[in-house]
Amino acid sequence: EGVRRLLDSDHFVVLLETLLLLYNHLDRFVGVHRVRLVDELLLSPRLFTRLFTWWSHHVRYVYHLILVYKLVRFKTLDVVGVTITAGSDGKLRMG
């Protein structure tokens with residue numbers, strides 16, 4: 001609940017620091033806690049749209065880093081009805 005409140009903030013410094021915290025410590029979350037954090041929060045349609053298109057390029061950049069370097073490592077990621085796949089050549093494909 002606390003992380004959700006921080007990510008609901010309109011202040012870009014709060015968002016940036018929260019996303020940096022998640023980026024640095026996301027690997028420490030395992031099992032049901034990771035699923036809840038990723039599926040129910042970071043990839044929820046509301047937050048995905050909000051953070052992916054945020055006005056501050058710093059916030060967008062860190063959110064994109066989380067998506068690419070912390071979540072796509074599983075080869076396939078389904079986000080808001082769009083599947084992102086990491087190919088054998090390391091390039092991301094949407095489909």
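Every value quoted in this text rests on a predicted model; they were computed, and no experiment measured them.

## What about helix α2 (residues 12–25)?
Taking 1.5 Å per residue as the helical rise, α2 with its 14 residues ought to reach 20 Å, and the 20 Å between its terminal C-alpha atoms agrees with that figure. Of all the positions in α2, only Leu-15, Leu-16, Thr-18, Leu-19 and Leu-22 are classed as buried. Within α2, the buried residues cover an arc of 165° as seen down the axis, which keeps them to one side.

## So, the confidence of the model for the chain
Mean pLDDT over the chain stands at 81; residues scoring 70 or higher make up 74%. By mean pLDDT, strand β1 (residues 76–79) is the weakest element of the chain at 54, and helix α1 (residues 2–7) is the strongest at 92.

## Quick word on the pattern of salt bridges
One pass over the full model with this rule turns up 4 salt bridges. Between Arg-50 and Asp-10 there is a salt bridge whose closest N-O contact spans 2.9 Å. Of this pair, Arg-50 sits in helix α4 (residues 45–52) while Asp-10 sits in the loop between α1 and α2, placing them 40 residues apart in sequence. Relative accessible area serves as the criterion here: at 18%, Arg-50 is assigned to the buried category. Given a relative accessible area of 63%, Asp-10 falls into the exposed group. Between Arg-36 and Glu-40 there is a salt bridge; the shortest N-O distance is 3.6 Å. Of this pair, Arg-36 and Glu-40 both sit in helix α3 (residues 31–42), 4 residues apart, which is roughly one turn of that helix. For Arg-36, a relative accessible area of 51% corresponds to the exposed category. Since its relative accessible area comes to 42%, Glu-40 is described here as partly exposed.

How each quantity is defined
Residues numbered from 1 in each chain as written. Predicted model: local features only at pLDDT ≥ 70, side-chain atom pairs only at ≥ 80, totals over all residues. Heavy atoms only, no water. Helix = DSSP H or I, 4+ residues; strand = E, 2+ residues; numbered from the N terminus. Expected span 1.5 Å × (residues − 1). Buried < 20%, exposed > 50% of the residue type's maximum accessible area, 1.4 Å probe, protein only. Arc of directions from axis to C-beta. pLDDT = per-residue confidence, 0-100. Salt bridge = Lys/Arg side-chain N within 4 Å of Asp/Glu carboxyl O.

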